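Spelled out, the chains give:
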Number of protein chains: 2
Amino acid sequence: MNFTKTTEYAFRILSYMAKDESHLYNANELYENLKIPFRYLRKQLTLLSKAGLLISEQGKNGGYKIAKDLTTISLLDIVHATGANISGNACFFGFSNCALAEKCAIHDKWASIYENVNNVLISTNLAEFRKITNHEVLITNNKFINFKKD
Amino acid sequence: MNFTKTTEYAFRILSYMAKDESHLYNANELYENLKIPFRYLRKQLTLLSKAGLLISEQGKNGGYKIAKDLTTISLLDIVHATGANISGNACFFGFSNCALAEKCAIHDKWASIYENVNNVLISTNLAEFRKITNHEVLITNNKFINFKKD
DNA sequence: TTAATATAATACCTAAAGGTATCATTTATG
DNA sequence: CATAAATGATACCTTTAGGTATTATATTAA
């Protein structure tokens, strides 16, 4: 179970865009509000578009909006879109036949955690984020504070 | 919440050594059984020694054993020893004042997961691993299959 | 029809994690 | 004492995630 920074960015982007699903957000606007390094943000936006989570409109006055009904996009979908692998029920310790007859010492405990995480990711969809007003971003320990625009 | 490969290795090493707490394990023996790249394994063993989780004996017939009573070493101790940061109750999305008045949409859900993980790590100590017989290691998708000894 | 402003594509750079190589040091034992 | 067999220290290499730079393409509107 490993959530990368890129996955966190994707969560941040989509939860922000869920505030107004019909609005066309451009990279500048997202950058101003989300403080994700500008060029990396742009790259992620095109990837999220390719993954089918966003629709992009090119050209002047272009931008992005969420591609589907908010209720149909779960956090797990976002995790998958960013390529992060929430690795099944593999043994926490890397022991091979743990899942079988002989379980490792914390196998059951860990399995329950995993299920817990999975449930939250599956059962939480973007519609829940419509109500959020708090999108202030903390920028501590980011070496790339001086990321700037084009 | 990010468990690195190095942390997994440390879990694997210590849970294996917990089978016989008085036995002095040398790097070769651990390597044969745990299939961790030999030189990296050795590096980790010295780090775990410096961290106070292992006692090392140098020279011929030297090796390592667990430094303290098994009941006093929790999985969280191991996580900390490997430098992995189980990052407190920071917002899952990186929003700044999430923990305060205005919570993000999954703050409570995530906090409960976090607490769950934390509880397991704190409440599980190495003594639980005495009973394990299953330490077969699966070596799939390891690019360094041909790691060899000195 | 051209300039401005947006995204797309692609190649490249950087930092950190993971892994390797080399040499030094310690200790048991012949 | 010399040698073998273990760990310690340190420097370096490789892979990958994260981030940057450049050029191309699409769209609007003066």
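Residues numbered from 1 in each chain as written. Chains lettered and ligands numbered in written order. Predicted model: local features only at pLDDT ≥ 70, side-chain atom pairs only at ≥ 80, totals over all residues. Heavy atoms only, no water.

## Looking at the pairing of strand 2 (residues 63–66) of chain A
All names here are of chain A. The pairing of strand 1 (residues 54–57) with strand 2 spans four bridges and is classified as antiparallel. Paired with Ile55 across the two strands is Lys65, which belongs to strand 2. Counting the residues in the hairpin turn of strand 1 and strand 2 gives five residues, including Gly59, whose phi is positive at 80 degrees. (Pairing = 2+ DSSP bridges. Helix = DSSP H or I, 4+ residues; strand = E, 2+ residues; numbered from the N terminus.)

## Things to note about the nonpolar core
With 74 residues, the main nonpolar core has Ile66, Ile78 and Leu126 of chain A together with Ile66, Ile78 and Leu126 of chain B as its most contacted residues. Once residues lying within four places of it in the same chain are set aside, the contact partners of Ile66 of chain A are Leu14, Met17, Ala18, Leu53, Leu54, Ile73 and Leu126 of chain A. (Core = buried A, V, L, I, M, F, W, Y, C linked by side-chain atoms within 4.5 Å. Buried < 20%, exposed > 50% of the residue type's maximum accessible area, 1.4 Å probe, protein only. Contact = heavy atoms within 4.5 Å.)

## Remarks on the confidence of the model for chain A
Mean pLDDT for chain A: 79, with 69% of residues reaching 70 or above. This model gives residues 96–101 of chain A a pLDDT under 50, and the stretch forms twelve contacts once residues within four places in sequence are excluded. (pLDDT = per-residue confidence, 0-100.)

## What to know about the packing of helix 2 (residues 27–34) of chain A against helix 3 (residues 38–50) of chain A
Residue and element names in this part refer to chain A. Relative to each other, helix 2 and helix 3 sit at 125 degrees, their axes nearing to 10 Å. As far as their axial angle goes, helix 3 and helix 2 are oblique. For helix 2 against helix 3, the interelement crossing comes out right-handed. Between helix 2, through Ala27, Asn28, Leu30 and Tyr31, and helix 3, the contact on the second element is made entirely by Phe38, Leu41, Arg42 and Leu45. The residue makeup of the contact of helix 2 with helix 3, split by class, is six nonpolar, one polar and one charged. (Axes fitted to C-alpha atoms, helices over the stretch in contact; angles between N-to-C directions. Parallel < 35°, antiparallel > 145°, perpendicular 65-115°, else oblique. Left-handed = near helix turned anticlockwise from the far one by under 90°. Nonpolar A, V, L, I, M, F, W, Y, C, P; charged D, E, K, R; others polar.)

## Things to note about unusual backbone geometry
All names here are of chain A. The phi dihedral of Lys35 falls on the positive side, at around 55 degrees, and the residue is not glycine. By secondary structure assignment, the location of Lys35 is in the loop between helix 2 and helix 3. Since its relative accessible area comes to 27%, Lys35 is described here as partly exposed.

## Here's the deal with the pattern of salt bridges
Residue and element names in this part refer to chain A. Counted according to the given criterion, the structure contains four salt bridges over all chains. Put simply, Glu21 and Arg130 hold a salt bridge, and the shortest N to O gap is 2.7 Å. Separated by 109 residues along the polypeptide, Glu21 in the loop between helix 1 (5–17) and helix 2 and Arg130 in the segment after helix 5 (107–123) bring together distant segments of the chain. For Arg130, a relative accessible area of 40% translates into the label partly exposed. (Salt bridge = Lys/Arg side-chain N within 4 Å of Asp/Glu carboxyl O.)

## Observations concerning helix 3 (residues 38–50) of chain B
Residue and element names in this part refer to chain B. Taking 1.5 Å per residue, 13 residues should reach 18 Å; helix 3 reaches 19 Å between its end C-alpha atoms and fits that length. Those residues of helix 3 that sit buried are Phe38, Leu41, Gln44, Leu45, Leu48 and Ser49. Along the axis of helix 3, the buried residues cluster in a sector spanning 140 degrees; they form a single face. Turned more than 90 degrees away from the buried face of helix 3, the exposed residues are Arg39 and Lys50. Looking at the packing, one finds that the buried side of helix 3 touches helix 1 (5–17), helix 2 (27–34), strand 1 (54–57), strand 2 (63–66) and helix 4 (75–81). Immediately beyond the C-terminal end of helix 3, within one or two residues, lies Gly52, with a positive phi of roughly 90 degrees. (Expected span 1.5 Å × (residues − 1). Arc of directions from axis to C-beta.)

## Describing the environment of Leu48 of chain A
Along the chain, the position of Leu48 of chain A falls in helix 3. Taking the relative accessible area as the measure of exposure, Leu48 of chain A reaches 3% and is therefore buried.

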